[in-house]
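# Chains, contacts and geometry: an overview
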Amino acid sequence: MTNSIADIHEANVILVIGSNTTENHPIVALEMKRAVSDFEVKLIVIDPREIRLTEYADMWLSQKPGTDVAVLNGLMNVIIEEGLEDKDFIDKRTEDYKELKKTVSKYTPEEVENISGIPADSLREAARLFASAEKGAIFYSMGITQHTTGTDNVLSVANLAMLTGNIGRPGTGVNPLRGQNNVQGACDMGALPGCVSGYQNICDLGIIKKCKDVWGVKLPEKPGLVATEMMDAVLRGEVKAMYVMGENPMLSDPDLNHVKEAFKKLDFLVVQDVFLTETAEFADVVLPGVTFAEKDGTFTNTERRVQRVRRAIAPVGNSRPDWLIISNLAKAMGYDMNYAAVGEITNEIASITPTYGGIIFERVSEESVQWPCPDATHQGTPILHTAKFTRGLGKFHAVEYKAPAEQPDKDYPFILITGRLLYHFHTGTMTRRSMGLNEVCKEARVEINFVDAKKLKIKDNDWVELSSRRGKVKVKARITSHIPKGTIFVPFHFKESPINMLTNPALDPVSKIPEFKVCAVRIDKVGSK
Amino acid sequence: MSKINLTINGEKIEAEPGQTILEVAKENGIKIPTLCHDPRLKSYGACRVCLVEVEGARNFLPACATKVGDGMAVRTNTIPLYKIRRTIVELLLSDHELSCLTCESAGQCQLQDLAYELGIEENRFKGEKHIYTIEDYNPLIERDPNKCILCGRCVRICEEIQQNKVYTFANRGFDSVVTTPYDKSLIETKCELCGQCISTCPTGALTEKMSRYKGRVWETEKVKTVCPYCGCGCELELQIKNGEIICVSADVESGVNKGNTCVKGRFGYDFVNHPDRLTSPLVRKDGKLVEVSWDEAIKTVADKFSKIKKKHGADAIAGLSSAKCTNEENYLMQKFMRAVIGTNNIDHCARL
């Protein structure tokens with residue numbers, strides 16, 4: 001997030017697009033609801049589904065899945081057409097506005113209605129509501145990113161924020177809500193193929209020297225593979241061994257049959273986890289790590305806040321903290337990796353990571369800090385880009401709408417969206433083993449619009465078989481009016497109904513994110529064939 | 001804006017404009033008892049145990065709902081106030097199930113604490129008592145109206161913070177009761193089972209089913225840490241007894257969540273001590289994963305990685321780090337892949 005959770009209520013209008021906030025970020029949703037009820041903040045929700053947040057919203061626009069660029073361009077078209085853009089901000093803080101203006105001029109509300117299904121007048125109204133506010137904040141999540149046009153979607157969100165001058169002040173911002181407790185931190189720490197901690201590019205001479213000094217080795221030069229590319233590399237025979245720590249690709253990745261083939265083909269698989277996950281079942285060696293409750297360290301939340309994690313109980317059985325296992329392994333391979341305690345690692349991170357420079361263990365044990373925090377005297381940064389952007393001027397990227405990789409057709413007439421539910425988390429490794437949560441919600445249900453259900457003669461709780469070009473899954477039906485006709489939703493938490501058997505592994509060309517939010521499927525009532 | 005000067009129990013105090021007497025007293029270490037107050041909620045003034053004397057005021061005033069004024073002289077501990085508070089608590093106790101011996105809230109019950117402070121041994125008011133039987137078919141939240149003091153905190157937190165409006169008052173006067181629409185089980189309402197109502201309940205009317213009989217509050221150690229689920233980064237207090245988490249709470253005065261949690265944060269902790277936990281390293285031998293020592297497991301991995309690296313090059317090995325692990329572990333994992341293995345094939349599930 002460019003901004004902080006605490007300043008949500010300072011907005012005049014909040015735009016939520018592609019985030020089912022009440023279920024996936026419940027505490028952020030509390031702040032949004034409080035902003036609406038106690039601070040008269042207007043709320044616009046853009047989501048294909050009638051998610052719970054729409055109950056609190058002034059406007060809800062339901063777009064056809066995968067048409068976000070068109071919708072965002074349409075909003076900008078109206079804003080420019082009606083002179084609601086922030087001319088001063090555009091002049092002083094941005095560049096390439098002309099290209100943007102030219103591109104979005106084609107996306108008239110009527111044209112966008114044809115693409116997205118959002119009525120032209122609703123789009124106009126939403127554009128006016130957002131652009132006339134003094135402070136507008138945009139929130140998004142995987143509904144924006146998990147598309148083959150994920151990067152374009154994010155660029156469009158940034159375009160809208162810059163066009164309306166909604167960057168760098170309280171109650172504004174481009175605010176992605178991160179889905180896992182430390183996904184922000186994992187990125188910040190350089191668990192990415194192209195950069196070391198603090199997003200320092202592996203080709204950057206500064207970090208190459210720092211790594212030489214601190215790590216004592218030369219950084220490898222060849223760019224690495226992203227997670228979604230690794231499976232293909234295994235099948236091509238290029239990758240022979242994998243070391244998987246606390247991840248479960250056998251439920252979380254798209255096109256699971258493909259993933260399974262890859263894991264079978266590996267010469268050697270090491271899985272480090274707290275349970276024998278679906279992935280660990282393929283492993284040659286399983287190393288027992290520990291849960292959050294058994295270790296010290298830090299997590300970084302969605303608003304870049306680095307917070308202290310404290311060990312509450314001793315490691316269960318003969319398990320070990322993951323940092324210790326990695327050190328053990330490094331030593332066994334002849335690399336001297338010696339840390340007496342976690343704090344030494346925290347401080348090594350501070351020493352080579354400019355954005356974490358002031359985040360030393362002793363300090364973060366006393367107070368949480370939002371990065372960038374370059375040194376010990378720095379207070380941290382609740383709001384990014386207040387005076388200038390990281391690159392100087394904010395660059396408008398004119399992007400055109402591109403259709404999703406797979407469209408519904410005669411054989412596979414429905415669009416499948418996958419996602420999460422309130423009561424479960426990711427592949428369910430933890431929540432499926434939390435007795436209460438699993439009792440409240442113990443199985444996957446496919447949400448089907450009641451009109452579609454009637455046509456297919458499917459009743460609530462009937463078993464149906466969903467199939468795509470890649471696989472089949474059996475699941476019970478939930479008939480609802482909260483999902484538009486022609487679209488279905490299935491959560492990916494449940495190993496009994498592994499919906500990623502069906503999803504499309506088509507990737508965004510830049511970010512390599514798979515298109516989990518759109519794939520073509522068919523529905524058959526079980527026993528009807 | 002200029003500061004406000006007042007006295008509490010004769011002590012000179014400086015306060016910010018807009019603060020309530022209760023807030024100012026708390027900041028200055030002066031305890032005023034409350035039952036219906038929660039800093040997360042709007043002032044309500046229902047229980048009247050926070051009444052104070054303000055010089056020149058016609059009546060006693062509720063400290064939670066009265067803003068400080070310049071020159072105000074407040075007294076919090078006079079004999080008339082003691083008598084009022086005692087009467088209020090006696091009245092509450094007269095229709096309260098006194099099962100403190102086994103009540104889950106014993107030791108953290110504000111009503112119990114207040115009865116103790118006021119020295120209430122015998123109750124002067126012996127009258128009719130309600131006997132409610134409520135069965136709520138949900139696995140997480142226990143409701144017991146026999147212990148409810150009608151402070152409205154659950155009603156208000158669900159309305160003001162969670163904004164689900166699951167609870168409401170029904171009936172009038174002595175028969176007033178907090179219930180759900182049509183007396184339904186929570187699971188049949190809009191309830192999201194977040195447990196915010198438990199977090200604010202001052203008595204044992206709302207308690208956690210999973211924690212039942214697992215431990216008393218004074219037997220537990222509280223450890224502040226960060227929730228393992230979504231990216232909000234809520235601060236949680238794990239309550240530990242005998243090496244096991246028996247309950248999760250949150251501090252209303254700290255963290256991004258200020259005492260609020262969702263259903264996963266509050267109730268999704270028992271996976272930690274689940275019998276499925278891996279407790280020993282495993283190595284596949286003759287097709288089966290068998291338990292081995294750490295030394296053997298580490299040696300097996302180190303040897304195999306070294307062999308593959310030698311034969312096929314470092315880029316034949318790829319690592320997946322974890323958005324569930326700490327910053328330190330993610331940093332080490334990428335350092336291991338880059339410095340020890342010698343490849344940039346390192347990523348994690350940010351996209352999934």
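Residues numbered from 1 in each chain as written. Chains lettered and ligands numbered in written order. Predicted model: local features only at pLDDT ≥ 70, side-chain atom pairs only at ≥ 80, totals over all residues.

## Regarding the overall build of chain B
The helix and strand tally for chain B stands at eight helices and 16 strands. Relative to a compact globule of 352 residues, whose C-alpha radius of gyration would be 20 Å, chain B shows 27 Å and is clearly more extended. Looking at chain B as a whole, 47% of its 352 residues qualify as buried. In chain B, 58% of the contacts between residues at least 6 apart in sequence involve partners at least 24 apart. (Helix = DSSP H or I, 4+ residues; strand = E, 2+ residues; numbered from the N terminus. Rg over C-alpha atoms; globule rule 2.2 N^0.38 Å. Buried ≥ 20, exposed ≤ 12 C-beta atoms within 10 Å, placed from the backbone. Contact = placed C-beta atoms within 7 Å.)

## Points about the environment of His258 of chain A
All names here are of chain A. Relative to the assigned elements, His258 resides in helix α14 (residues 256-265). By C-beta crowding, His258 is classed as partly exposed, having 17 other C-beta atoms within 10 Å. Distance in space between the C-alpha atoms of His258 and Lys457 is 33 Å, their sequence separation being 199 residues. Ignoring any residue separated from it by four or fewer positions in sequence, one finds His258 in contact with Met231 and Pro505.

## Focus on the sheet that holds strand β10 (residues 268-273) of chain A
Read from one edge to the other, the open sheet built from seven strands follows the order β14(B)-β13(B)-β11(A)-β10(A)-β9(A)-β15(B)-β16(B), with strand pairing classed as mixed. For this open sheet the edge positions go to β14 (288-291) and β16 (346-347) of chain B, each flanked by a neighbour on one side alone. Where strand β9 (residues 241-245) of chain A and strand β15 (residues 317-320) of chain B come together, four bridges link them in parallel fashion. Counterpart to Ala241 of chain A in the pairing with β15 of chain B is Ile317 of chain B. (Pairing = 2+ DSSP bridges.)

## So, the interface of chain B and chain A
Across the contact, 96 residues belong to chain B and 117 residues belong to chain A. Across the side of chain B that touches chain A, the residue classes break down as 51 nonpolar, 27 polar and 18 charged. (Nonpolar A, V, L, I, M, F, W, Y, C, P; charged D, E, K, R; others polar.)

## Structural notes on the nonpolar core
Of all hydrophobic cores here, the largest spans 145 residues; its most connected members are Ile14, Leu75, Phe130, Ile138 and Val157 of chain A together with Cys154 and Ile245 of chain B. In this structure, Ile138 of chain A is in contact with Leu15, Ile17, Val157, Leu160, Ala161, Val174 and Asn175 of chain A, ignoring residues within four places of it in sequence. In this structure, Val196 and Ala227 of chain A together with Met333 and Leu352 of chain B belong to the second largest nonpolar core, which totals 119 residues. (Core = buried A, V, L, I, M, F, W, Y, C linked by C-beta atoms within 7 Å.)

## Quick notes on the environment of Gln239 of chain B
All names here are of chain B. Within the secondary structure layout, Gln239 lies in strand β11 (residues 235-241). The exposure class of Gln239 is buried, given the 22 C-beta atoms found within 10 Å. Sequence separation between Gln239 and Tyr213 is 26 residues, and the spatial gap between their C-alpha atoms is 14 Å. Among all residues touching Gln239, those that are not within four sequence positions of it are Thr220, Lys222, Ile245, Ile246, Cys247, Val248 and Ser249.

## Section: the domain arrangement of chain B
Segmenting chain B into domains produces domain 1 (4-77), domain 2 (97-212), domain 3 (214-277) and domain 4 (282-351). Computed from C-alpha atoms alone, the centre-to-centre distance between domain 1 of chain B and domain 4 of chain B is 60 Å. (Domains from an automatic or database assignment.)

## Focus on helix α8 (residues 327-341) of chain B
All names here are of chain B. Between the first and last C-alpha of α8 there are 20 Å, a value that for 15 residues agrees with the 21 Å anticipated at 1.5 Å per step. Largest kink in α8: about 25°, centred on Lys335. Burial analysis of α8 places 15 of its 15 residues in the buried class, which makes it a mostly covered element. Positive phi appears at Gly342, one or two residues downstream of α8, with a value of about 95°. (Expected span 1.5 Å × (residues − 1). Bend = angle between axes of the 7 residues up to and from the residue.)

## Some points on the domain arrangement of chain A
Each assigned domain of chain A is listed here: domain 1 (5-177), domain 2 (180-222 + 319-373) and domain 3 (414-525). For domain 1 of chain A and domain 2 of chain A, the distance between their C-alpha centroids amounts to 35 Å.

## Quick look at helix α2 (residues 79-94) of chain B
With 16 residues, α2 of chain B should cover 22 Å at 1.5 Å per step; its first-to-last C-alpha distance of 22 Å lies within 8% of that length. Of the surrounding elements, those touching the buried residues of α2 of chain B are α3 (110-117) of chain B.

## As for unusual backbone geometry
Residue and element names in this part refer to chain A. Cis geometry marks the peptide bond from Trp371 to Pro372, where omega comes out at 0°. Here Pro372 shows up in the loop between β14 (369-370) and β15 (394-395). The backbone of His426 shows a phi angle near 45°, a positive value even though the residue is not glycine. Looking at the secondary structure, you find His426 in the loop between β16 (414-419) and α18 (435-440).

## Observations regarding the packing of helix α6 (residues 109-116) of chain A against helix α7 (residues 120-131) of chain A
When two helices pack together, their arrangement is given by the angle between the helix axes and by the axis-to-axis distance. All names here are of chain A. α7 packs onto α6 with a crossing angle of 115° between their chain directions and a minimal axis gap of 8 Å. Regarding α6 and α7, the two cross each other, and that crossing is right-handed. When α6 is examined against α7, the residues Pro109, Glu110, Val112 and Glu113 are found in contact with a partner set consisting of Ala120, Leu123 and Arg124. Of the residues that constitute the contact of α6 with α7, the class distribution is four nonpolar, no polar and three charged. (Axes fitted to C-alpha atoms, helices over the stretch in contact; angles between N-to-C directions. Left-handed = near helix turned anticlockwise from the far one by under 90°.)

## Observations concerning the confidence of the model for chain B
Where the model shows low pLDDT, its predicted coordinates should not be examined in detail. The predicted model of chain B averages 95 in pLDDT, with 100% of residues at 70 or higher. Interface scoring of the predicted complex returns ipTM 0.95; its pTM is 0.95. (pLDDT = per-residue confidence, 0-100.)

## Remarks on the environment of Thr487 of chain A
Residue and element names in this part refer to chain A. Here Thr487 is to be found in strand β20 (residues 487-491). Thr487 gets classed as buried once you count the C-beta atoms within 10 Å, which come to 21. The spatial distance from the C-alpha of Thr487 to the C-alpha of Leu416 is 6.0 Å, given a sequence separation of 71 residues. The contact partners of Thr487, leaving out residues within four places of it in the chain, are Pro48, Pro65, Phe414, Ile415 and Ile417.

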